[in-house]
Amino acid sequence: MELYRENRYLKECSANIVSIQDRFVVFDQTIFYPGCGGQPCDRGVIKQGDDETYNILTVKKQLLIVIQLAGTLLYYQELI
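Residues numbered from 1 in each chain as written. Predicted model: local features only at pLDDT ≥ 70, side-chain atom pairs only at ≥ 80, totals over all residues. Heavy atoms only, no water.

## Here's the deal with the overall build of the chain
Part 1 of the argument: When its secondary structure is counted, the chain shows one helix and five strands.
Part 2 of the argument: The order of α-helices and β-strands along the chain, N terminus first, is α-β-β-β-β-β.
Part 3 of the argument: The buried share of the chain, taken over its 80 residues, is 32%.
Part 4 of the argument: Excluding contacts between residues fewer than 6 apart, the proportion of contacts in the chain whose partners are at least 24 apart in sequence is 49%.
Part 5 of the argument: Taken as a whole, the chain presents about 5,500 Å² of accessible surface, with 50% of it coming from carbon and sulfur. (Helix = DSSP H or I, 4+ residues; strand = E, 2+ residues; numbered from the N terminus. Buried < 20%, exposed > 50% of the residue type's maximum accessible area, 1.4 Å probe, protein only. Contact = heavy atoms within 4.5 Å. Areas by Shrake-Rupley, 256 points an atom, 1.4 Å probe, with all protein chains shown as cover.)

## Focus on the nonpolar core
Part 1 of the argument: Ranked by internal contacts, the top residues of the largest apolar core, which has 15 residues, are Phe 27, Phe 32, Ile 46, Ile 56, Val 59, Ile 67 and Leu 69.
Part 2 of the argument: Contributing elements (two or more residues each) for this core: strand S2 (24–27), strand S4 (52–61) and strand S5 (65–69).
Part 3 of the argument: Among the elements that take part in this core, S4 stands out by supplying three residues, more than any other. (Core = buried A, V, L, I, M, F, W, Y, C linked by side-chain atoms within 4.5 Å.)

## Some details on the pairing of strand S3 (residues 45–48)
Part 1 of the argument: Residues Ile 46 and Gln 48 line the buried face of S3, whereas the alternating positions Val 45 and Lys 47 sit on a face that is not buried.
Part 2 of the argument: Relative to S4, S3 is paired through four bridges, and the arrangement is antiparallel. For Lys 47, the partnering residue across the bridge sits in S4 and is Thr 53.
Part 3 of the argument: Here S3 folds back onto S4 in antiparallel fashion, the turn holding three residues, of which Gly 49 has a positive phi close to 65°. (Pairing = 2+ DSSP bridges.)

## Description of the environment of Ile 20
Part 1 of the argument: Checked against the element boundaries, Ile 20 lands in strand S1 (residues 17–21).
Part 2 of the argument: C-alpha separation for the pair Ile 20 and Ile 67, spaced 47 residues apart in sequence, amounts to 9.6 Å.

Now the structure itself:
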């Protein structure tokens, strides 16, 4: 679900991982806008658990929105 379409001012949301491959992650919902039409993609941080954070490198829309992280997620869980 593309939450940024409903409210472009959202700063956080919870999401579940749909798929993951190396540093590329697909979530069931996101607030991150994928760059399009000359507009750059959103930047931000994904938090996993209490301690781990991952910088977002790119956000692209294919069939789903794919987010490339600066690090590899260690395990699947709900992310905030």
